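Residues per chain, in single letters:
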Amino acid sequence: MSRIFKVGQCVAVVAVAFSGIVTGKEKPAAVDLSYWVGDWSASAEQDISIVLDERGGLYLEGFAAWGAQDPDRVDRGAINFGEFSAHVMAGWVRADGRLVFAVGPDGSMPASAAEQYDCVITLQLRGEVMVAEDNMMCGGHNVTFTGTYQRRTD
């Protein structure tokens, strides 16, 4: 399932891929989505917010920038940024705490279907932190969501 979101001038269609093998009548183990919920920050320029949505899944919004902490760049308007929004069905979140998705010019797709210039993001819960990794195709020059995120308490 995919959804279209308009954020400022950017339009993103985001879906999350669930990769796992289910045979016969087995069902994937239920995942406690509350572990994902929170406002996560890896730096002053990297934030991901996650809430439970009304459909029983997660809603994610991410924002990353490069140069926003440099007053000279700010004065010149030389800041690059990237952002994403996603509704994630509960079944798409793997029991091992991993979530992977891709976004391209034609919308969202499983990471395995991403082409060279599509944005691919992997999120992994590891205890009290969330580790993110992307392929440097998720925004402007030098913009990345890659980092170790802590849940904000403010």
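The structure reproduced in this document is the subject of the present report. These figures come from a predicted structure and were not determined experimentally. For every chain, the first residue of the written sequence is number 1, and numbering continues from 1 onward in sequence order. Under the rules for a predicted model, residues below a pLDDT of 70 receive no local features and side-chain atom pairs below 80 are neither given nor counted, while totals for whole chains, interfaces and linings still include all residues. In computing side-chain values, all of the structure's heavy atoms are included and hydrogens and water are not.

### Describing the state of the cysteines
Thought 1: In what follows, a disulfide is any cysteine sulfur pair within 2.5 Å. Going through the model one piece at a time under the given rule, you end up with 1 disulfide.
Thought 2: Through a disulfide, Cys 119 is tied to Cys 138; the S-S separation comes to 2.0 Å. The disulfide joining Cys 119 to Cys 138 has a torsion of about 95 degrees about its S-S bond and is therefore right-handed. Of this pair, Cys 119 sits in strand E9 (residues 119–126) while Cys 138 is found in the loop between strand E10 (129–134) and strand E11 (147–151), placing the two residues 19 residues apart along the sequence.
Thought 3: Looking at Cys 119, the relative accessible area reads 10%, which means it is buried. Secondary structure elements are defined from DSSP: runs of H or I of at least 4 residues count as helices, runs of E of at least 2 residues count as strands, and each element is numbered from the N terminus. For every residue, the accessible area obtained with a 1.4 Å probe (protein chains only) is divided by the maximum for its type, and the residue is called buried under 20%, exposed over 50%, and partly exposed between those limits.

### Remarks on the nonpolar core
Thought 1: Ranked by size, the top nonpolar core spans 26 residues in total, and within it Trp 36, Leu 60, Leu 123 and Met 130 carry the most contacts.
Thought 2: At the level of secondary structure, the elements contributing two or more residues to this core comprise strand E4 (46–52), strand E5 (58–66), strand E6 (80–88), strand E7 (98–104), E9 and E10.
Thought 3: If you tally residues by element for this core, the top one is E9, at 4 residues.
Thought 4: Whether two residues are in contact is decided by their heavy atoms: any pair within 4.5 Å suffices. Aside from chain neighbours lying at most four places away, what touches Leu 123 is Trp 36, Ile 48, Leu 60, Gly 97, Arg 98, Leu 99, Met 130, Val 131 and Ala 132. Residues belong to a common nonpolar core when they are buried Ala, Val, Leu, Ile, Met, Phe, Trp, Tyr or Cys residues joined through side-chain atoms within 4.5 Å.

### Some remarks on the side chain of Asp 118
Thought 1: Residue placement: Asp 118 occurs in the loop between strand E8 (107–109) and E9.
Thought 2: In this structure Asp 118 is buried but unpaired, with Arg 98 as the nearest side chain of opposite charge at 16 Å.
Thought 3: Only 2.7 Å separates the side chain of Asp 118 from the backbone nitrogen of Glu 115, close enough to count as a polar contact. Positive: Lys, Arg. Negative: Asp, Glu. His and the chain ends are not part of the count. Think of a salt bridge as a Lys or Arg side-chain nitrogen and an Asp or Glu carboxyl oxygen that are within 4 Å of each other. Whenever a nitrogen or oxygen atom comes within 3.5 Å of another N or O atom, the pair is scored as a polar contact, on the condition that within protein one atom can donate a hydrogen and the other can accept it, and that pairs from neighbouring residues in sequence are kept only if both atoms are in side chains.

### Side note on the pairing of strand E3 (residues 38–43)
Side chains on a regular strand alternate between the two faces of the sheet.
Thought 1: Two strands qualify as a pair provided that DSSP identifies no fewer than 2 bridges between them. Strand direction decides the pairing type here: E3 and E4, joined by 5 bridges, are antiparallel. If you follow Ser 43 over to E4, its bridge partner there is Gln 46.
Thought 2: Hairpin connection from E3 to E4: 2 residues lie between these consecutive antiparallel strands.
Thought 3: As paired elements, E3 and E11 share 2 bridges and run antiparallel to each other. Bridge pairing in E11 links Ser 41 to Gln 150.

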